[in-house]
Structure formats: C-alpha cells, structure tokens
Amino acid sequence: MKTVQIDVAIIGAGSAGLPAYRAAKAAGASVILIEGGPHGTTCARVGCMPSKLLIAAGEAAHAASRTAPFGVHIDGSIRIDGREVMQRVKSERDRLVGFVLESVEAIPAHEKLTGYARFIDDGLLQIGDHTRVRARSIVIATGSSPVIPQMYQALGDRAIINDDVFAWSDLPRKIAVVGAGVIGIELGQALAHLGVDVTILGARGRVGPLSDPDIKAYAEKTFSNSFRFEPRAEVEAVERLTDSVQIRFRADSGKLIEESFDYVLVTAGRKPNSDRLELKNTSLTLDLHGNPVFDPLTLQAGTHPVFIAGDANGILPIQHEASDEGRAAGTNAARFPNVVPQIRRAPLVIVFSDPGIAMVGARHADLVPESFVTGEVSFEDQGRSRLMLRNRGLMHIYVDKATRLFLGAEWMGPDAEHIAHLLSWALQMKLTVDSMLEMPFYHPVIEEGLRTALRDSVAALKASS
Ligand SMILES: Cc1cc2nc3c(=O)[nH]c(=O)nc-3n(C[C@H](O)[C@H](O)[C@H](O)COP(=O)(O)OP(=O)(O)OC[C@H]3O[C@@H](n4cnc5c(N)ncnc54)[C@H](O)[C@@H]3O)c2cc1C
C-alpha cells in the first residue's frame with residue numbers, strides 16, 4: 001500500500017472540488033485531488049447542462065405549437081423525434097463534459113488519485129484499496145445524491161433518477177414525476193412540452209423553491225395548465241408491473257386515482273454524499289444524519305482542519321455556490337489555522353420553467369412580519385410581455401420599512417432568469433427602492449414590469465408610514 005503525505009487532500013472533483021484544488025494550489029499548498037466516480041462534474045454530466053438542453057428542446061416544440069395567435073400557421077403536424085432530441089441532449093452534453101475532462105487531464109498525474117476516499121482517522125484517508133493519504137487539511141466536496149424513498153426502491157429500473165433521463169436514447173410515452181422541487185418541475189415540464197404524458201406528484205403543496213403563498217398559488221395554477229400537477233398528492237401504493245409501474249394516489253380533489261406509467265422519475269430531494277466517507281472513524285462532531293457539523297461561514301468542521309464545500313454541506317445546492325465554496329474551502333484548508341469567513345454573494349435561485357421562477361435575497365417565509373412592505377406586479381397586462389404572448393406571471397418584491405432597502409423577491413414571470421440577475425446585483429449593492437427606481441428602464445421591455453412592482457412598494461411604504 002502506497003502512502004502519500006500532503007498539505008491538502010480534496011475529496012471529490014466536481015464543481016466545488018476543482019476550484020478547491022486550484023485555490024489550495026494558488027495558496028502555495030501541495031494538493032491531491034481524489035475522485036471515486038466519473039470525472040466531468042454532476043452539473044455538466046447529469047445536472048445543470050443536460051437539463052437545460054432538454055428544456056431547450058421542449059421550448060422549441062412548445063413555441064412551434066403556439067404560433068397561431070400571431071397569424072402564423074404551421075400547416076401540417078409538428079413531429080417530435082425522441083431519438084433526435086436525446087441524441088442532441090447527449091452529444092452537446094458530452095461536448096461540455098469534454099471541456100471539464102480536458103481541465104482534469106491537465107492536472108499533473110501525481111496530484112490526482114482515482115478511488116473512493118474514506119477516513120481511517122482524522123487526518124488519514126484510504127483511497128480504494130491502493131493508497132493512503134496523510135493530509136494536514138482535508139476538503140470534503142463529495143456532492144449529493146437523489147433521495148429515493150423506500151416505497152420506490154422496490155420498483156427496480158422503473159424508478160429512475162435524473163442521471164437515467166440523460167441516458168435515454170428515446171423519449172418515454174408516459175411518466176410520473178415524484179417531487180415538485182426545482183428538478184422535478186424543470187424535467188417534468190420539459191418532457192411535457194416534448195409530448196410525454198407527464199404527471200407531477202408533489203407533497204405538502206410545494207412548488208419549486210417558492211415560499212410566498214400568493215406566488216406559489218399562482219405558479220400552481222399556471223403549471224396545472226401545462227402538465228397534470230398534483231402538488232398535494234398522497235401516494236398510497238406503488239407496484240411494479242412487467243414493463244410499467246402502477247401508482248395509487250389520492251389527488252387534491254380527494255379522489256383516489258390508480259394509474260400506470262412507463263417510469264417513475266424520483267426527484268424527492270437530494271442528500272449529501274457522506275455514506276462512503278466513514279466519518280465515524282474521526283473525532284468530528286456529526287449531526288443526526290451523520291454529516292459533520294460545520295461553520296457555514298468558514299465551512300470548517302468544528303476546530304478540525306476539515307472543510308465542507310458544495311452540495312456536500314447542503315447549504316445552497318446550486319452550481320455557483322458550490323464553486324464559490326470550493327474556492328473558499330481550498331484557501332482555508334491551505335492556510336489553516338488562518339481561516340477566514342467566506343464572503344457570500346446575494347442569494348439567487350432560478351427555476352428554468354415556462355414561465356420562469358426566481359427568488360432573490362430573503363425568502364418571504366424568513367422575513368419578519370410587519371418589518372417590510374410588498375410591491376406587486378402582474379405580468380398578465382404587462383406591455384411587452386403581452387405583445388409577445390408571454391404575459392403570465394406575478395412578482396412580489398420585499399422592501400424594508402425602516403431603511404427602504406430592497407430585501408428580496410419571489411416571482412414567476414417572463415425572462416425571470418435575467419430580471420433575477422438585475423435584482424441580485426441591486427441587493428448585493430445594498431440599494432434602496434428609491435435608488436433602484438433612479439436606474440434606466442428602456443421602453444418597451446419586460447423590466448418595466450419590475451418598475452411597476454418597485455413603484456407599488458413605494459406606495460406601500462407611504463401607506464404604512
Ligand atoms: C438535474 C439537475 C439540474 C441542476 N440544474 C442546476 C442549474 O440549472 N443551476 C445550478 O446552479 N445548479 C443546478 N444543479 C445543481 C448543481 O449541479 C450542483 O449544485 C453542483 O453540481 C454541486 O457540485 P459539487 O461539487 O458539490 O458536487 P459534484 O459535482 O457532484 O461533485 C462531487 C464529486 O465527488 C465524488 N465523490 C463522492 N464521494 C466520494 C468519495 N468518498 N471519494 C471520492 N470521490 C467522491 C463524486 O463522484 C463527484 O464527482 C442541478 C442539479 C441536478 C441534479
């Protein structure tokens with residue numbers, strides 16, 4: 001058995017691990033990067049990128065089916081070739097993964113190890129059955145995996161996860177999506193646009209990440225017109241048939257429904273990958289789920305030279321946060337014990353649905369009642385949105401009563417992903433609603449809708465004073 005002595009060991013070569021490796025090197029440490037699974041990152045292989053490719057195909061199909069109100073008619077039928085759709089998804093995805101693989105190949109061989117890492121003691125890792133790494137500091141950047149509730153595990157290969165969707169060579173006929181979080185809604189709606197018969201079975205009324213009751217209700221209604229949506233379904237039983245799955249669930253209406261589907265796509269949340277790490281062999285303090293207790297600012301586990309970045313820490317399981325945390329963790333690991341808190345960007349979450357959903361800054365659910373006012377705009381009569389027949393959406397922006405500072409926003413609406421960036425930049429620059437209204441707004445643009453919401457919040461401030 002080979003033993004390597006190193007300053008910093010990084011476990012996981014994903015969106016957090018790769019920047020951690022670069023940051024630790026830049027800080028002058030000797031570093032080793034350990035990867036047990038396929039290289040290429042979850043984001044590029046089976047996450048952000050292939051899901052957006054599937055969504056792009058869905059949008060193309062959906063746009064083609066909506067031209068008639070403009071007086072533009074497609075005479076003849078729109079044909080969706082599932083094989084071609086999946087071929088493009090996979091070939092473009094592979095091209096993107098190729099860029100990540102090139103960057104991994106450029107890492108010197110003596111700085112990479114292949115195999116799953118597990119802890120032997122606080123500073124000693126076992127990699128596969130071939131190498132031991134004695135590290136001064138360790139970054140855990142092991143990502144996350146889908147949670148598959150027990151009842152679906154008995155369905156074998158008919159209960160699938162996101163990874164399986166991006167391995168398809170054709171589209172299925174009919175699927176049930178279990179879970180109405182971001183991944184369930186994005187994949188479910190894209191497949192529905194591509195002609196797949198989709199039923200999304202949510203729980204407890206969840207609609208993506210939304211916490212504002214009005215926006216959530218609006219999104220629920222809008223999605224119900226796009227695919228079959230049961231946000232409060234109670235699944236009572238599932239059964240594997242020969243080539244399908246039978247599901248019995250109680251719908252919102254109280255009706256008991258029994259139906260069969262080609263597959264059940266399980267998108268019921270994700271959990272940090274800590275199972276293989278054998279953290280019980282360390283003196284780290286673990287939480288109820290067996291994950292290390294850590295400081296969310298420094299990402300440090302107690303006073304140990306161990307740092308946790310990306311989906312592995314469960315703070316905000318999104319790509320740019322993973323990447324920022326990786327850099328912070330790599331730097332802190334190299335400079336230990338001179339650990340500094342990470343400066344976080346303004347919170348920003350986007351759901352690439354149609355219409356899009358976005359959340360910036362404080363969630364409605366986390367705001368102190370009576371401390372803020374809400375500015376509202378409906379996009380149903382918003383000028384430019386209506387010209388383009390994209391006039392569906394409702395936005396709430398939250399403004400602090402005492403300081404008039406912009407605090408956050410939740411909404412569904414056209415071009416949400418772009419407006420979300422404007423708002424997150426305003427938040428990070430600590431702008432008041434008054435200074436935001438001093439910014440330019442071209443005419444006619446969807447951003448004029450945002451201006452209406454900002455003005456509405458000014459009126460609400462006046463009314464509350
Ligand atoms: C379908 C889907 C769509 C998404 N869409 C978006 C989006 O549009 N925008 C966005 O911002 N985010 C999106 N995300 C989230 C984003 O992909 C993740 O936040 C990001 O990939 C997390 O990076 P990471 O480095 O923490 O994990 P990963 O990239 O998963 O890296 C972890 C690595 O650790 C390895 N590993 C695990 N255990 C061990 C071990 N014991 N030893 C060695 N190696 C180990 C794994 O093999 C893996 O390669 C999406 C996710 C999914 C699933």
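Residues numbered from 1 in each chain as written. Predicted model: local features only at pLDDT ≥ 70, side-chain atom pairs only at ≥ 80, totals over all residues.

Identification of the protein as Dihydrolipoamide dehydrogenase from Caballeronia sordidicola is taken from an unreviewed UniProt entry. The protein has a UniProt comment under Sequence similarities (unreviewed entry) that states "Belongs to the class-I pyridine nucleotide-disulfide oxidoreductase family." (UniProt positions renumbered as here; feature names shortened; annotations may be inferred.)

Novice: Any details on the overall build of the protein? Residues and values, ideally.
Specialist: In terms of helices and strands, the protein carries 13 helices and 22 strands. At 24 Å, the protein has a C-alpha radius of gyration in line with the 23 Å of a compact globule built from 465 residues. Projecting the C-alpha coordinates of the protein onto the three principal axes gives extents of approximately 70 × 65 × 40 Å. Residue pairs in contact within the protein that sit at least 24 positions apart in sequence constitute 68% of those at least 6 positions apart. (Helix = DSSP H or I, 4+ residues; strand = E, 2+ residues; numbered from the N terminus. Rg over C-alpha atoms; globule rule 2.2 N^0.38 Å. Contact = placed C-beta atoms within 7 Å.)

Novice: With reference to specific residues and values, describe the domain arrangement of the protein.
Specialist: Assigned domains within the protein: domain 1 (2-146 + 271-335), domain 2 (150-268) and domain 3 (348-464). Computed from C-alpha coordinates alone, the two centres of domain 2 and domain 3 are separated by 30 Å. Counting residues at the interface gives 14 residues for domain 2 and 17 residues for domain 3. Those elements that place two or more of their residues in the side of domain 2 that touches domain 3 are helix H7 (182-193) and helix H8 (213-224). Tallying contributions element by element places H8 first for the side of domain 2 that touches domain 3, with five residues. (Domains from an automatic or database assignment.)

Novice: Now, about the packing of helix H1 (residues 17-26) against helix H9 (residues 319-335): what can you tell me, with residues and values included?
Specialist: For any two helices packed against each other, the geometry is given by the interaxial angle and the distance between the axes. Taken N-terminus to C-terminus, the directions of H1 and H9 make an angle of 35 degrees; their axes are 7 Å apart at the nearest point. Judged by the twist between their axes, the crossing of H1 over H9 is right-handed. Here Gly17, Leu18, Pro19, Ala20, Tyr21, Arg22, Ala23 and Ala24 of H1 come into contact with H9, specifically with Ser323, Gly326, Arg327, Ala329, Gly330, Thr331, Ala333 and Ala334. Broken down by class, the residue content of the contact of H1 with H9 amounts to nine nonpolar, five polar and two charged. (Axes fitted to C-alpha atoms, helices over the stretch in contact; angles between N-to-C directions. Left-handed = near helix turned anticlockwise from the far one by under 90°. Nonpolar A, V, L, I, M, F, W, Y, C, P; charged D, E, K, R; others polar.)

Novice: Give a description of the UniProt feature "binding site: FAD" (unreviewed entry) in the protein that names residues and reports values.
Specialist: Residues annotated in UniProt with the feature "binding site: FAD" (unreviewed entry) correspond here to Lys52, Thr142, Gly143, Ser144 and Asp311. The greatest C-alpha distance among the annotated residues, which extend across 260 residues, is 23.1 Å, indicating that they are dispersed rather than converging on a single site. Secondary-structure assignment places Ser144 in strand S7 (residues 144-146). Those residues within four positions of Ser144 in sequence are excluded, and the remaining contacts are Arg270, Lys271, Pro272, Asn273, Asp311, Ala312 and Pro317. Locating Asp311 in the fold gives a position in the loop between strand S17 (306-308) and H9.

Novice: Describe the UniProt feature "binding site: NAD(+)" (unreviewed entry) in the protein, naming the residues involved and giving the relevant values.
Specialist: If you check UniProt for "binding site: NAD(+)" (unreviewed entry), the listed places come out as Gly179, Ala180, Gly181, Val182, Ile183, Gly184, Ile185, Glu186 and Gly269 in our numbering. The annotated residues occupy 91 residues of the chain but converge on a single region, no pair of C-alpha atoms lying more than 13.6 Å apart. One can find Ala180 in the loop between strand S9 (174-178) and H7. Not counting chain neighbours up to four residues away, the residues in contact with Ala180 comprise Ile185, Ile200, Gly202, Arg206, Val207 and Pro231. Take Ile185: it is sitting in helix H7. A count of 28 C-beta atoms within 10 Å places Ile185 in the buried class. Not counting residues up to four positions away in its chain, the partners in contact with Ile185 are Ala180, Ile200, Gly208, Val351 and Ser353. (Buried ≥ 20, exposed ≤ 12 C-beta atoms within 10 Å, placed from the backbone.)

Novice: Could you give an account of the nonpolar core, naming the residues involved and the relevant values?
Specialist: Here is a general trend for soluble globular proteins: nonpolar side chains tend to be buried in one another's company. In terms of nonpolar packing, the biggest core is built from 90 residues, with Ile175, Val177, Val264, Leu265 and Ala358 touching the most fellow members. Beyond its immediate sequence surroundings of up to four residues, Leu265 is in contact with Ile160, Val165, Ile175, Val177 and Leu187. (Core = buried A, V, L, I, M, F, W, Y, C linked by C-beta atoms within 7 Å.)

Novice: Describe helix H13 (residues 447-464), listing the residues and the values that go with them.
Specialist: Between its first and last C-alpha atoms H13 spans 26 Å; for 18 residues at 1.5 Å apiece the expected length is 26 Å, and the two agree. All buried positions along H13 are accounted for by Gly449, Leu450, Ala453, Leu454, Asp456 and Ser457. Viewed end-on, H13 has its buried residues packed into an arc of 160 degrees, placing them on one side of the element. Across from the buried face of H13, at angles greater than 90 degrees, the exposed residues are Ala459, Lys462 and Ala463. On its buried side, H13 packs onto strand S20 (372-378), helix H10 (383-387), strand S21 (394-400), strand S22 (406-413), helix H11 (416-428) and helix H12 (433-437). (Expected span 1.5 Å × (residues − 1). Arc of directions from axis to C-beta.)

Novice: Pulling in residues and values, what's your account of the sheet that holds strand S14 (residues 256-261)?
Specialist: Here three strands make up an open sheet; going across it, the order is S12-S13-S14 and the pairing antiparallel. In the strand order of this sheet, the two ends are held by strand S12 (234-240) and S14, each with one partner. Averaged over neighbouring strand pairs, the angle between their axes works out to 20 degrees when direction is ignored. Pairing of S12 with strand S13 (residues 245-250) involves six bridges; the strand directions are antiparallel. By the bridge assignment for S13, Glu239 is matched with Gln246. (Pairing = 2+ DSSP bridges.)

Novice: Give a description of unusual backbone geometry that names residues and reports values.
Specialist: Residue Pro337 is bonded to the preceding Phe336 through a cis peptide linkage, with omega at 10 degrees. Turning to its location among the elements, Pro337 is positioned in the loop between H9 and strand S18 (348-351). With an omega dihedral of -5 degrees, the bond running from Asp354 to Pro355 counts as a cis peptide bond. The phi torsion at Arg204 lies on the positive side, around 55 degrees, for a residue other than glycine. For Arg204, the position within the fold is in the loop between strand S10 (197-201) and H8.

Novice: Any chance you could break down the sheet that holds strand S19 (residues 356-361) for me, citing the residues and the numbers?
Specialist: Sheet strands associate in pairs through backbone hydrogen bonding, adopting either a parallel or an antiparallel arrangement. A sheet is described by the order of its strands in space; here five strands give the open sequence S18-S19-S22-S21-S20, paired in antiparallel fashion. Here the strands that pair on one side only, and so sit at the sheet edges, are S18 and S20. The sheet shows a mean angle of 10 degrees between the axes of neighbouring strands, direction not considered. H11 contacts S18, S19 and S22 of the sheet and is inclined by roughly 5 degrees relative to S19.

Novice: Go over the pairing of strand S2 (residues 31-35), please, and point to the residues and values.
Specialist: The buried fraction of S2 amounts to five of the five residues, a majority that puts the element mostly inside the structure. Residues Val31, Leu33 and Glu35 of S2 are buried on one face, and the alternating residues Ile32 and Ile34, pointing to the opposite face, are buried as well. Note that strand S1 (residues 2-11) and S2 share four bridges and pair parallel. Pairing of Ile10 across the sheet is with Leu33, part of S2. Between the parallel elements S1 and S2, the chain passes through H1 in a crossover that is right-handed. (Right-handed = clockwise from strand over helix to strand, strands pointing away.)

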